[in-house]
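Understanding the architecture of this molecule
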Amino acid sequence: MCDRPLLFAYLQERKNMAASLKDTDSIVKTLEFGIGFVFHFIFAACYLLVWGLDILKGFSTFSATVLALTFVFGNSVRQIYESMLFLFVEHAFDVGDLLEVEGLSYRVKKIDLMYTVLVKGSGERVYYPTTRLITLPVTNLTRSSTKSDKVMFNLDIGAASMKAREALLDCVKCHYDENESDFNTCPSVNFINLMDPFKVQLQVVWTYNFGADEFKRISTARTGIITAINDCLASLDCLQYTLVKNTDGGGSSSKA
C-alpha cells in the first residue's frame, strides 16, 4: 500500500514548487518591463539622432528632469535592485518553507519582488517588505536537516546532583532505545556551569531524527522525552531543582 504521509508530502512539495515558479515568473516579468522601458528610451534617443534631430539642445532640460526623477524614484530603484539580489542570488527561501523571523514561525505563502507573504500558525497573513527581510536574520527551518532541544536545571551542589545526573542519563538513554526512529545521535546530560549560591547547572540535550518543520512529530517526541525526564526527577528523593528558562523558552518549577 502507498504511504499516505509520504504521498501527501510529495504532492505538497509539487504544489509549493509550482507556486515558486509562478512567483518567479511574475518577478521576471516585472523586471522585463522595467528593463524594456530603459532600452526603449535609449533607442528612442538613437532614433532621433538618426533622423537628424538635435537632442543636445534640450539636454539641460532633460538632465534637470532626470535629476528630479532621481530624487523621486531613486530609493525605489535601489530597493528593487536589493530585492532582486536577495531573491535570485541569496535565495534564502522558497514558497512553502518554514521560516523563523524575529522569534516567530511563519510559512512562506507568496514571494513578490517588493514583499513576501508569510502565514502564521494561526492562519494570519503577514506582509513583510523584502527590504526588511534583507536586514533580519532569517532561519529556514525547512532546509535545516535536524533539530535539537534542551532543558536546563539548577541543582544544589552535592551528592544529590551527581545522582540526578546519572539517573537522567540512564532515563534518556532508555527512552532513546525505545524510540529509535525519533532521535538521532546520543543524548547529552552534563553539568555546564556553577551558579551562586551553591548551585550547579545541569543540561539535557537531545536531537530529533527529522527536520524542524515536522511539528506533529516533534511535538509527540518532545512530549515523550519531557515526560520521561519529569518522571525521573519525581522519583528522586531529597532533590531540589529549578527549571531554567533558556532561549528556546521554558518556565520554572521546583521540588523539595
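The paragraphs below set out a description of the structure included in this document. (Residues numbered from 1 in each chain as written. Predicted model: local features only at pLDDT ≥ 70, side-chain atom pairs only at ≥ 80, totals over all residues. Heavy atoms only, no water.)

Next up on the list: the pattern of salt bridges. Within the structure shown, the criterion is met by seven salt bridges. Two residues, Lys 120 and Glu 124, come together in a salt bridge whose shortest N-O distance is 3.5 Å. By relative accessible area, which is 30% here, Lys 120 ends up partly exposed. Among the ionic pairs, Asp 149 bridges to Arg 222, the shortest N-O distance being 2.9 Å. With Asp 149 in strand β6 (residues 148–156) and Arg 222 in helix α5 (residues 215–234), the pair connects residues that are 73 residues apart, well separated along the chain. A single salt-bridge network, built from bridges that share partners, covers Asp 94, Asp 97 and Arg 143. (Salt bridge = Lys/Arg side-chain N within 4 Å of Asp/Glu carboxyl O. Buried < 20%, exposed > 50% of the residue type's maximum accessible area, 1.4 Å probe, protein only. Helix = DSSP H or I, 4+ residues; strand = E, 2+ residues; numbered from the N terminus.)

Glancing now at unusual backbone geometry. In this model, His 91 sits at a positive phi of 50 degrees, which is unusual for a non-glycine residue. By the secondary structure assignment, His 91 is in the loop between α2 (59–90) and β1 (98–101). The backbone of Glu 102 shows a phi angle near 55 degrees, a positive value even though the residue is not glycine. Tracing the backbone through its elements, the reader meets Glu 102 in the loop between β1 and β2 (104–111).

Let's shift gears to the sheet that holds β2. Ordered in space as β4-β3-β2-β1-β5, the five strands form an open sheet in which the pairing is antiparallel. Both edges of this open sheet fall to β4 (125–129) and β5 (138–140), since each of them pairs with a single strand only. Averaged over all pairs of adjacent strands, the angle between their axes in this sheet comes to 40 degrees, without regard to strand direction. (Pairing = 2+ DSSP bridges. Axes fitted to C-alpha atoms, helices over the stretch in contact; angles between N-to-C directions.)

Another aspect to go through is a nonpolar patch on the surface. Among the surface-exposed residues, Phe 37, Val 38, Phe 41 and Ile 42 lie close enough to one another that they form a single nonpolar patch of about 410 Å² accessible area. Within the element layout of this structure, Phe 37 appears in helix α1 (residues 4–50). (Patch = residues over 30% accessible without salt bridge, like charges linked within 9 Å, V, L, I, M, F, W, Y side chains within 5 Å. Areas by Shrake-Rupley, 256 points an atom, 1.4 Å probe, with all protein chains shown as cover.)

Ranked by internal contacts, the top residues of the largest apolar core, which has 27 residues, are Phe 153, Leu 155, Leu 168, Val 204, Trp 206, Ile 229 and Leu 233. A per-element tally of this core places α5 first, with seven residues. Val 108, Leu 118, Tyr 128 and Leu 133 belong to the second-largest nonpolar core, a separate cluster that totals 15 residues. (Core = buried A, V, L, I, M, F, W, Y, C linked by side-chain atoms within 4.5 Å.)

Turning our attention to the side chain of Asp 149. Given the relative accessible area of 8%, Asp 149 is considered buried. A polar atom in the side chain of Asp 149 sits 2.6 Å from the side chain of Tyr 208. Beyond its immediate sequence surroundings of up to four residues, Asp 149 is in contact with Val 204, Val 205, Trp 206, Tyr 208 and Arg 222. (Polar contact = N/O pair within 3.5 Å; in protein donor to acceptor, adjacent residues only side chain to side chain. Contact = heavy atoms within 4.5 Å.)

Moving on to the pairing of strand β7 (residues 183–195). Summarising the sheet, β7 and strand β8 (residues 199–208) pair through nine bridges and their orientation is antiparallel. Its bridge partner being in β8, Leu 194 is matched across the sheet by Val 200.

This part is about the side chain of Asp 97. Here Asp 97 shows up in the loop between α2 and β1. Judged by relative accessible area, Asp 97 falls into the buried class, the value being 8%. Within the structure, Asp 97 has its side chain in polar contact with the backbone nitrogen of Asp 94 (distance 2.9 Å). Setting aside chain neighbours within four positions, we find Asp 97 in contact with Tyr 106, Arg 107, Val 108, Asn 140, Thr 142 and Arg 143.

Let us look at the packing of aromatic side chains. A complete count under the given rule lists six aromatic pairs for this structure. The interplanar angle of 50 degrees and the centroid separation of 5.9 Å between the aromatic rings of Tyr 115 and Tyr 127 together place this pair among those described as tilted. Pair noted here: Tyr 115 is in strand β3 (residues 115–119) and Tyr 127 is in strand β4, with a separation of 12 residues, a long-range link. For Tyr 127, a relative accessible area of 53% corresponds to the exposed category. (Phe/Tyr/Trp six-rings, centres within 6.5 Å; stacked < 30°, edge-to-face > 60°.)

Treat this as a map of the structure, not an account of what it does.
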